[in-house]
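# Secondary and tertiary structure notes
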Amino acid sequence: MTSVVGRFAPTPSGPLHFGSLVAALASWLEAKKQKGLWVLRIDDLDPLRIESGSVDSILACLEVLGLEWDQLTYQSTRQEAYQAALEQLWQAERLYGCSCSRKQLAQAPQGPEGPIYPGTCRHTPRQPQLATRFLTKGLMPAWEDQLWGTRRINLEKELGDFVVWRADGVCSYHLATVIDDQIEGVTEILRGSDLLLSADRQVALRQILGLPTPKYAHLPLATDFKGQKLSKQSGAMPVKPGGAVLVETLAFLKQNPPANLKLAGPKEVLNWGLAHWSLDQLKPKRG
Ligand SMILES: [Zn+2]
């Protein structure tokens, strides 16, 4: 018997905004509906993105909303585990040092997420080696997204060899997330669909590291009136914690909450959410 573990992993780069709340609430409901655990993980690996005070403000906001976590973890405490995974990838001959400059990289053909690395340093190690790249040669990881269906992309062709250890000594998001999810025993990952291509990379890393693939669901993205993704970078408004914003989030997640639920407190809204939660509502309608 495997127990369900969900998670929410905000970056402390500002207060909680609506786009993050969508991922928080959906992952909480999916885990709690199955009587599972919900891990709150602070994605504080990149010191340049941290805004002081935002951890406290995110925790306080989740508390007022009644989104209680069973475990609180910080990526910045996991350095040894990331190093061990890096070593394992070296052993598997899936890594190489890259000495390309930003300017050189910018000349590579553009993919959906920036330049597709042309493999320049694969066979010709030069000094100084700046970043460590993951060799995607021959990898077409197949996996199932609960909302997007079967995924199977040619990693080398569509995304290219990606960085797993940055030149400034910071473990990349892709590798760190895989290791965190493994340590925390995460079985269900619900997050924004801007991370769909990250999942393609992460499933490939998992396969090379011999780790099982969790259940994934990549949620619709909250956008502003210009169609831009809401994010802390785009200056999205902080969430005003209360029952009303939870009802708005449930509506965004297509759960059809009744209008008068807006007058209820967070606890009552969450109880309604738990009783009615169905991820299937977000599946594209066929026919
Ligand atoms: Zn290179």
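Residues numbered from 1 in each chain as written. Predicted model: local features only at pLDDT ≥ 70, side-chain atom pairs only at ≥ 80, totals over all residues. Heavy atoms only, no water.

### A look at the overall build of the protein
- Counting its secondary structure elements, the protein contains nine helices and 12 strands.
- Computed over its C-alpha atoms, the radius of gyration of the protein comes to 20 Å, within 12% of the 19 Å expected for a compact globule of 287 residues.
- On the principal axes, the C-alpha backbone points of the protein span a range of 65 × 45 × 45 Å.
- In the protein, once contacts between residues fewer than 6 apart in sequence are set aside, the share between residues at least 24 apart is 75%. (Helix = DSSP H or I, 4+ residues; strand = E, 2+ residues; numbered from the N terminus. Rg over C-alpha atoms; globule rule 2.2 N^0.38 Å. Contact = heavy atoms within 4.5 Å.)

### A closer look at the coordination of the zinc ion
- Each protein donor to the zinc ion is listed here as C98 (SG), C100 (SG), Y117 (OH) and C121 (SG); together their distances run 2.0 to 2.3 Å.
- Taken together, the four donor atoms coordinating the zinc ion span angles of 98 to 122° at the metal, a pattern that classifies the geometry as tetrahedral.
- In primary-sequence terms, the residues that donate to the zinc ion follow C-x1-C-x16-Y-x3-C. Pair noted here: C100 is in the loop between β4 (95–98) and α4 (102–106) and C121 is in the loop between β6 (114–115) and β7 (131–134), with a separation of 21 residues, a long-range link.
- Looking at C121, the relative accessible area reads 1%, which means it is buried. (Donors = N, O, S within 2.8 Å, 3.2 Å for Na, K, Ca; no water. Tetrahedral: all angles 85-135°; square planar, octahedral: opposite > 155°, others 65-115°. Buried < 20%, exposed > 50% of the residue type's maximum accessible area, 1.4 Å probe, protein only.)

### Brief notes about the packing of helix α3 (residues 79–91) against helix α7 (residues 196–209)
- At a closest axis distance of 10 Å, the pairing of α3 and α7 adopts a crossing angle of 75°. Classed by the angle they form, the pair α3 and α7 counts as roughly perpendicular. For the pair formed by α3 and α7, the contact residues are A85, Q88 and L89 on the first element and L205, I208 and L209 on the second.
- Residues that form the contact of α3 with α7 fall into these classes: five nonpolar, one polar and no charged. (Axes fitted to C-alpha atoms, helices over the stretch in contact; angles between N-to-C directions. Parallel < 35°, antiparallel > 145°, perpendicular 65-115°, else oblique. Nonpolar A, V, L, I, M, F, W, Y, C, P; charged D, E, K, R; others polar.)

### Describing the packing of aromatic side chains
- Taken as a whole, this structure holds five aromatic pairs when the rule is applied.
- Arranged with centres 6.1 Å apart and planes meeting at 5°, the rings of F8 and W38 form a pair that is stacked. Within this pair, whereas F8 is found in strand β1 (residues 5–8), its partner W38 is found in strand β2 (residues 37–42), the two being separated by 30 residues in sequence.
- It is R133 that lies over the ring of Y117; its NZ or CZ is 3.8 Å from the centre.
- Over the ring of F162 we find R201; its NZ or CZ atom is 5.7 Å from the centre of that ring. (Phe/Tyr/Trp six-rings, centres within 6.5 Å; stacked < 30°, edge-to-face > 60°. Lys NZ or Arg CZ within 6 Å of the ring centre and 35° of its normal.)

### Remarks on unusual backbone geometry
- The phi torsion at K254 lies on the positive side, around 60°, for a residue other than glycine.
- Positionally, K254 belongs in the loop between α8 (243–252) and α9 (266–276).
- We note that N256 has phi near 50°; this positive angle belongs to a residue other than glycine.
- Relative to the elements of secondary structure, N256 occurs in the loop between α8 and α9.
- Judged by its relative accessible area of 59%, N256 falls in the exposed class.

### Regarding the domain arrangement of the protein
- In terms of domain boundaries, the protein breaks down into domain 1 (5–77 + 180–279) and domain 2 (80–173).
- Contact with domain 1, which involves 33 residues of that partner, is made by 29 residues of domain 2.
- Taken over both partners, the interface formed by domain 1 and domain 2 buries close to 2800 Å², and the fraction arising from carbon and sulfur atoms is 63%.
- The largest per-residue losses of area from domain 1 upon contact with domain 2 belong to D200, R201 and I208, which jointly make up 23% of the total buried on that side.
- Between R201 and E113 there is a salt bridge, with the nearest N and O atoms lying 2.8 Å from each other.
- Inspection of the region where domain 1 meets domain 2 yields 11 residue pairs in polar contact (both at pLDDT 80 or more). (Domains from an automatic or database assignment. Buried area = accessible area lost by both parts, 1.4 Å probe. Salt bridge = Lys/Arg side-chain N within 4 Å of Asp/Glu carboxyl O. Polar contact = N/O pair within 3.5 Å; in protein donor to acceptor, adjacent residues only side chain to side chain.)

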